[in-house]
Amino acid sequence: SWVDIYSVFREVIKNKTVVIYNSKYDNRIIKQTCSLYGLPNPRRKSECAMLLYANYRNSTNNYTGNAKWHKLTEALDQCGIPKSVAHRARGDCEMTLNLLRFMAGGYDGPFVDTDLNDQKNKRNRINEKIVSHDEVKTLYHLLIGMVVAILGVAFKATLSIIKGIAKK
């Protein structure tokens, strides 16, 4: 439950910038889940990968005049990036990471790290460059932050269903 992972979540995001695809939504869910449990909403800095991609595409929403938002899976299709399992924590994290790498010009295929704690994987090769230990830790923290956010969404949805059943 959120109570069980809350302190770990706070430690993982402490003094970090968390990159989230549609950060406005996930940050709202985290806030609501904290409120539900009577926990303080942890302070965090986040960047929205969805807005970054909208600006990268430089396309305009004809209705609002702002940058056009794209679903994560649509963005991947537009960039020719293979999709992972959408709406699952790890899959969404991997897809967001691949999209960020694409926009930065460093995409050379899907990034999947099977074991971040394995000493051999602390020097993963991306684009023939060595990724530093700090960069691997940053990617790991991104993954954990998104997993926690998605778990909050799943918990809230489950709670709503249970409340609806209880009212009947």
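Now for a look at the structure at hand.

Calculation rules
- Residues numbered from 1 in each chain as written.
- Predicted model: local features only at pLDDT ≥ 70, side-chain atom pairs only at ≥ 80, totals over all residues.
- Heavy atoms only, no water.
- Buried < 20%, exposed > 50% of the residue type's maximum accessible area, 1.4 Å probe, protein only.
- Helix = DSSP H or I, 4+ residues; strand = E, 2+ residues; numbered from the N terminus.
- Arc of directions from axis to C-beta.
- Contact = heavy atoms within 4.5 Å.
- Pairing = 2+ DSSP bridges.
- Right-handed = clockwise from strand over helix to strand, strands pointing away.
- Axes fitted to C-alpha atoms, helices over the stretch in contact; angles between N-to-C directions.
- Parallel < 35°, antiparallel > 145°, perpendicular 65-115°, else oblique.
- Left-handed = near helix turned anticlockwise from the far one by under 90°.
- Nonpolar A, V, L, I, M, F, W, Y, C, P; charged D, E, K, R; others polar.

**A look at helix H4 (residues 72–79)**
Taken together, the buried positions of H4 are occupied by Leu 72, Ala 75, Leu 76 and Cys 79. Buried residues along H4 cover an arc of 100° about the axis, so they all sit on one side. Taken together, the buried residues of H4 touch helix H3 (49–57) and helix H5 (89–103). Just downstream of H4, Gly 80 is the residue with a positive phi angle, here 75°.

**Focus on the pairing of strand S1 (residues 17–20)**
In the sheet, S1 pairs with strand S2 (residues 45–48) via four bridges, with the strands oriented parallel. Note on S2: the bridge partner recorded for Val 19 is Glu 47. The parallel pair S1 and S2, bridged by helix H2 (residues 23–37), forms a crossover whose chirality is right-handed.

**A word on the packing of H4 against H5**
Angle between the axes and distance between the axes: these two values describe a pair of packed helices. It is at 10 Å that the axes of H4 and H5 come closest, and there the two elements cross at 40°. Put simply, H4 runs oblique to H5. As for how H4 packs across H5, the hand of that crossing is left-handed. Mapping the contact onto sequence places Leu 72, Ala 75, Leu 76 and Cys 79 in H4 and Asp 92, Met 95, Thr 96, Leu 99 and Phe 102 in H5. Residues of the contact of H4 with H5, tallied by class, amount to seven nonpolar, one polar and one charged.

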